[in-house]
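# A look at the structure
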Amino acid sequence: MRNGWNVDVREAARKIKCPVLILHCERDVVVPIDQGHLLASLIPDCRFVQLNSENHMPLGDEPAWSRLVAEVKAFLQKPAESLVRRSRLPLNELTARERAVLERIAEGLDNSEIAASLGLSEKTVRNHITRVFDKIGVQHRYQAIVRARDAGLGRAI
């Protein structure tokens, strides 16, 4: 338990890229309300709702429970407009060469195969991939593949 209480999630919270709903009981005796506010302040697109309860999790027979259920339902029913904006791939920000590299990533080619198909060195391909990942907002190849395929790239596979 000591390890669990000492986990620092601040860095991870800043990297969240989807809408978040935090529900926190104002008199929570397990986690102080200021910790809930701190976490919410670190997460982009976070909605913080303070519930009138002293329990860590509201019980089904207290008024905070119906508010909790209503807030969760409303959150899940609301279209995530900011998520839709983020999901658009900024292809217009890529150079022709970067787009060609991304196309081949979406086709499932590895760096040596991309280099051979474009007549480039593997180091040059790695440099392009670094810039592409930065421009499309991903950290891993699998994320780039998913985003590129969602945008219609990689159809030659």
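Our subject in this report is the structure included herewith. As the structure is a prediction and not an experimental result, all values here were calculated from the model.

Scanning the chain from N- to C-terminus turns up nine helices and two strands. Counting from the amino terminus, the chain carries its helices and strands in the arrangement α-α-β-α-β-α-α-α-α-α-α. At 22 Å, the chain has a C-alpha radius of gyration far larger than the 15 Å of a compact globule built from 157 residues. Expressed along its principal axes, the backbone C-alpha trace of the chain runs to roughly 65 × 35 × 25 Å. Counting all 157 residues of the chain, 30% fall into the buried class. For the chain, the exposed surface amounts to about 10300 Å²; the carbon and sulfur share of it is 53%.

Next up on the list: the pattern of salt bridges. A complete count under the given rule lists seven salt bridges for this structure. One salt bridge connects E71 with R47, and the closest N-O pair in it is separated by 2.7 Å. Of the two residues, E71 is situated in helix α4 (residues 63-77) and R47 in strand β2 (residues 46-51); the sequence distance between them amounts to 24 residues. Looking at R47, the relative accessible area reads 41%, which means it is partly exposed. Through salt bridges with shared partners, a single network forms among R47, R67 and E71.

Here P63 lies in helix α4. Since its relative accessible area comes to 67%, P63 is described here as exposed.

Our next topic: the layout of surface pockets. Here the largest pocket is characterised by a volume of approximately 440 Å³. Surrounding the largest pocket, 15 residues form its lining, V7, V9, V31, Q35 and L39 being those nearest its centre. The set of elements that each furnish at least two residues to the lining of the largest pocket consists of α1 (2-5), β1 (20-25) and α3 (33-42). Per-element accounting of the lining of the largest pocket gives the leading share, five residues, to α3.

What follows deals with the state of the cysteines. For the structure shown, the criterion picks out zero disulfides. Between C18, a cysteine without a disulfide, and C46, which holds the nearest cysteine sulfur, the sulfur-to-sulfur distance is 9.9 Å. There is no disulfide at C25, and the cysteine sulfur nearest it, in C46, is 15 Å away.

For β1, the buried fraction is high: five of the six residues fall into the buried class. The sheet contact formed by β1 and β2 spans six bridges and is parallel. Looking across to β2, one finds that L21 is bridged to R47. Taking the sense of rotation as the criterion, the β-α-β connection linking β1, α3 and β2 turns out right-handed.

Our next topic: the nonpolar core. One finds L89, L102, I105, F133, I136, A144 and L153 to be the most contacted residues of the largest nonpolar core, which totals 20 residues. Looking at this core, the elements with two or more residues in it are α6 (96-106), α7 (111-118), α8 (122-136) and α9 (141-150). Not counting the four nearest positions on each side in its chain, L153 is found in contact with L89, L91, R99, L102, E103, A106 and A148.

What counts as what
Residues numbered from 1 in each chain as written. Predicted model: local features only at pLDDT ≥ 70, side-chain atom pairs only at ≥ 80, totals over all residues. Heavy atoms only, no water. Helix = DSSP H or I, 4+ residues; strand = E, 2+ residues; numbered from the N terminus. Rg over C-alpha atoms; globule rule 2.2 N^0.38 Å. Buried < 20%, exposed > 50% of the residue type's maximum accessible area, 1.4 Å probe, protein only. Areas by Shrake-Rupley, 256 points an atom, 1.4 Å probe, with all protein chains shown as cover. Salt bridge = Lys/Arg side-chain N within 4 Å of Asp/Glu carboxyl O. 1 Å grid on protein atoms, 1.4 Å probe; cavity = no way out; pocket = protein on both sides within 12 Å on 5 of 7 lines; lining within 4 Å. Points joined across faces, edges and corners; volume = space filled by probe spheres on them. Disulfide = S-S within 2.5 Å. Pairing = 2+ DSSP bridges. Right-handed = clockwise from strand over helix to strand, strands pointing away. Core = buried A, V, L, I, M, F, W, Y, C linked by side-chain atoms within 4.5 Å. Contact = heavy atoms within 4.5 Å.

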